[in-house]
Amino acid sequence: MSKARRVRLGIAVGAVAGSLAVSSGATAGLGGKAPSIQLDRAQLGASLHATPQAGRTTYAMALPNGAAVKEFTNATGAVFAVTWSGPGKPDLRALLGSHFQALQAASRVRDPRFRRVPPQVRQSDLVIQTGGHMGYFWGVAYIPSLAPAGFAVADLK
Amino acid sequence: MLRLLIAFAAALMLTACGGGGGSAPTHTGSSGSPSGGGGTTTPAVVNYATVTFDAGPAALANGSPAYTAFNEPYVSVTICAPGSTSNCQTIDHVILDTGSVGLRIISSVINPTLLSALPIERDTGGNSVGECYKYVNSYAFGSVRQADFAIGGEKVANMPFQAIGDTGTFAAVPGTCSSGGGDAITTAYSFGANGIIGVGTTTTDCGYICQQGYDSGAGYYDCPNSGCSTIIARAAASAAPFQQLPNPVAAFATDNNGTILDFPAVAAAGVTTLTGKVYFGIGTQSNNGLGSAKVLPLSTSTSSLGPGFLTATYKGKALTQSFLDSGSNFYYFIDAGLPICTQSGLSVFYCPTAATPLSPTLTATNGATASGAFTLYNPSTTTSGSANVAPGLAVNPTLVTPPLPFQNSFDFGVPFFFGHKVYTAIEGRTAGSVAGPYFAF
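Residues numbered from 1 in each chain as written. Chains lettered and ligands numbered in written order. Predicted model: local features only at pLDDT ≥ 70, side-chain atom pairs only at ≥ 80, totals over all residues. Heavy atoms only, no water.

### Some thoughts on the overall build of chain A
Moving on, step 1. From N to C terminus, chain A includes four helices and eight strands.
Moving on, step 2. Along chain A, helices and strands appear, N-terminal first, in the series β-α-α-β-β-β-β-α-α-β-β-β.
Moving on, step 3. Buried residues in chain A amount to 57% of all 157 residues.
Moving on, step 4. Put simply, of all contacts in chain A between residues at least 6 apart along the chain, 47% involve residues at least 24 apart. (Helix = DSSP H or I, 4+ residues; strand = E, 2+ residues; numbered from the N terminus. Buried < 20%, exposed > 50% of the residue type's maximum accessible area, 1.4 Å probe, protein only. Contact = heavy atoms within 4.5 Å.)

### With respect to the state of the cysteines
Disulfides are covalent bonds that link the sulfur atoms of two cysteine residues.
All names here are of chain B.
Moving on, step 1. Applying the stated rule across the entire model yields five disulfides over all chains.
Moving on, step 2. Disulfide pairing places Cys206 opposite Cys210 at an S-S distance of 2.0 Å. Every disulfide takes its handedness from the sign of the S-S torsion; for Cys206 and Cys210 that torsion is 85°, giving right-handed.
Moving on, step 3. Exposure remark for Cys206: the relative accessible area of 11% places this residue in the buried category.
Moving on, step 4. A relative accessible area of 0% places Cys210 in the buried class.
Moving on, step 5. Covalent S-S linkage joins Cys223 and Cys228, the inter-sulfur distance amounting to 2.2 Å. Disulfide Cys223-Cys228: the torsion about the S-S bond is 115°, which places it as right-handed.
Moving on, step 6. For Cys228, a relative accessible area of 7% puts it in the buried group.
Moving on, step 7. Taken in sequence order, the bonded cysteines of chain B link in the pattern 1-2, 3-4, 5-6, 7-8, 9-10. (Disulfide = S-S within 2.5 Å.)

### Comments concerning the interface of chain A and chain B
Moving on, step 1. If you look at the interface, chain A gives 47 residues, while chain B gives 67 residues.
Moving on, step 2. Overall, the association of chain A and chain B removes approximately 4,700 Å² of surface from exposure, summing both partners, and the carbon and sulfur fraction of that is 58%.
Moving on, step 3. By the criterion of area lost to chain B, the three top residues of chain A are Arg113, Arg116 and Met134 of chain A, representing 20% of everything that side buries.
Moving on, step 4. Our count for the contact surface shared by chain A and chain B stands at zero salt bridges.
Moving on, step 5. In terms of residue count, strand E7 (residues 126-133) of chain A provides more of the side of chain A that touches chain B than any other element does, six residues in total.
Moving on, step 6. Within the side of chain A that touches chain B, the residues separate by chemical class into 24 nonpolar, 13 polar and 10 charged. (Buried area = accessible area lost by both parts, 1.4 Å probe. Salt bridge = Lys/Arg side-chain N within 4 Å of Asp/Glu carboxyl O. Nonpolar A, V, L, I, M, F, W, Y, C, P; charged D, E, K, R; others polar.)

### Overview of unusual backbone geometry
Residue and element names in this part refer to chain B.
Moving on, step 1. With an omega of 0°, the peptide bond running from Ala240 to Pro241 counts as cis.
Moving on, step 2. A cis amide bond, omega 5°, links Gly436 with the succeeding residue Pro437.
Moving on, step 3. Here Pro437 lies in the loop between strand E26 (434-435) and strand E27 (438-440).
Moving on, step 4. One non-glycine residue, Asn71, lies in the positive phi region at around 55°.
Moving on, step 5. Residue Asn158 is not a glycine yet carries a positive backbone phi of 55°.

### With respect to the side chain of Asp148 of chain B
Moving on, step 1. Locating Asp148 of chain B in the fold gives a position in strand E6 (residues 138-151).
Moving on, step 2. Among buried Asp, Glu, Lys and Arg side chains, Asp148 of chain B stands out as unpaired, with Lys155 of chain B the closest opposite charge at 11 Å. (Lys, Arg positive; Asp, Glu negative; His and termini not counted.)

### Focus on the pairing of strand E9 (residues 195-199) of chain B
Residues and elements named next belong to chain B.
Moving on, step 1. Counting buried positions over the five residues of E9 gives five, a clear majority of the element.
Moving on, step 2. In E9, alternate side chains face the same way, and those of Gly195, Ile197 and Val199 on one face and Ile196 and Gly198 on the other are all buried.
Moving on, step 3. Relative to E9, strand E3 (residues 88-97) runs parallel, the two being bridged by four bridges. Across the sheet, Asp97 pairs through a bridge with Gly198, a residue of E9.
Moving on, step 4. Across five bridges, strand E4 (residues 101-106) lies against E9 in antiparallel orientation. Residue Arg104 lies in a different strand from E9, and its bridge partner there is Ile196. (Pairing = 2+ DSSP bridges.)

### Details of the pattern of salt bridges
All names here are of chain B.
Moving on, step 1. Taken as a whole, this structure holds six salt bridges over all chains when the rule is applied.
Moving on, step 2. We note a salt bridge from Arg234 to Glu121, for which the minimum N-O separation is 2.7 Å. Pair noted here: Arg234 is in the loop between strand E11 (230-231) and helix H7 (248-251) and Glu121 is in the loop between helix H3 (112-115) and strand E5 (128-135), with a separation of 113 residues, a long-range link. Side by side, Arg234 and Glu121 carry an identical accessibility label, which is buried.
Moving on, step 3. For the salt bridge of Lys134 with Asp215, the shortest nitrogen-to-oxygen distance reads 3.2 Å.

### Description of the pairing of strand E2 (residues 74-80) of chain B
Residue and element names in this part refer to chain B.
Moving on, step 1. The element E2 is largely enclosed, with a buried count of six among its seven residues.
Moving on, step 2. Strand direction decides the pairing type here: E2 and E3, joined by six bridges, are antiparallel. Directly across from Ile79, in E3, lies its bridge partner Gln89.
Moving on, step 3. The pairing of E2 with E6 spans three bridges and is classified as antiparallel.

Structure below.
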């Protein structure tokens, strides 16, 4: 990680912006393609740094409120994981894209006696884990089938 | 209760008489002092209130499906129209939460005559102010209104609170509120309570993040007649003139440095009701001394970890965002070595085959340590019977194998408070000669 190359993407924003009109109807966030990350960055008002590594790229966003969001793309540019941590909750509707509904379904209280349980999703090809406390929330959403070979979940940190 | 109401009414009359234009009414320490009721000395202010664990407010039994609350510490609070001694309501079944900050009441439980007399905060543009407050699996949206507030003999004039599920301008939840995910809290049935009083470690519910116009999980909104959409900056004052919701304890005139939750131990089989006390203030009166409690300083609002955390070391792993929280109904931690319940309703609970002693260690920010040991019990029996309270029950928040990273937390929920006297001292306040924030027990 310490040897990874960090690239500022500020210049790339303009180039990508031209494609936004085309891609805005496409799948964004988790499961989407790398250009959708620029949509997310704009939506979150965040700064963005990309770190290419073998077989994947980590896009780290710093939000104005101090929170951190990361999106991980594989060699084909597909977003296979998203993580968030820090004050508040980021726009998970944008970050999780079509998978937001799975989080919503998991959030629904099944037994009203046992409410306030952090939602978690355990599907064969979708894993979402969340948690938090006043002033600080965190979560991970991950599509195992899109992850590069040899990827370990510990690398999502 | 009646004598407290009388004391409150008397206090309001005093503050009304002394009212200085626009600023906080003067609180007089001796104004709310009924008889101590058996004690030989009379405290200056009645600095305690009863905490009750029971089946919950009527809305739970009257809803469909009907249900009962579980491990929920409730208090009653009184709110009045500012300056009024008659347009008042005592709200029962308000969750006492050391894990959040601010008073929030389901707006539909407030009688319409009172609700309409509670002024809505205005922003710099003269528009109404709304608030979104996010919990781990839900969110609450509503207006920010002001009321004269009292619990026990303690009171705060013109205190902002959130009226959850308020109507009119506030009926539509902003997209930036719901986009954090989870269910909307709108009714007492969906909340499991008529309200919540957050008495955690910070003086306001958002602090500098909202002061800068951002969202920390609490976010304030500009609400013109067309609805609420823009997040606005609100000042973090714990005394009048308020903007953000204050920690009500921090806003008291006295006894304002923290709380003590004093609940009895609960037998493994559980009980249908439990009664305890919350004391306001630490080391401010004869009944709230720190004594020999072990003090564990916590992270502050400026910490990159977030406020109110200490480290729990569990089975060799240091979990740096751990906390004690009366608003968590259970313990929450990950241990892939413990069996999970197979009953569908209990699918996230640990189901040990026998009572299992566990011994996490707590380490404070100053290196002080304390045992967080407790006994883990199987919930199958206690949750299927008539018990509304049971100790030692725990949830695994991450059944994913292997657990994904980021789970860096051991949540000592309300079962840890059973049989422990737990002190929560507020950031920036000195409590019992020790600087807050800290937990002690």
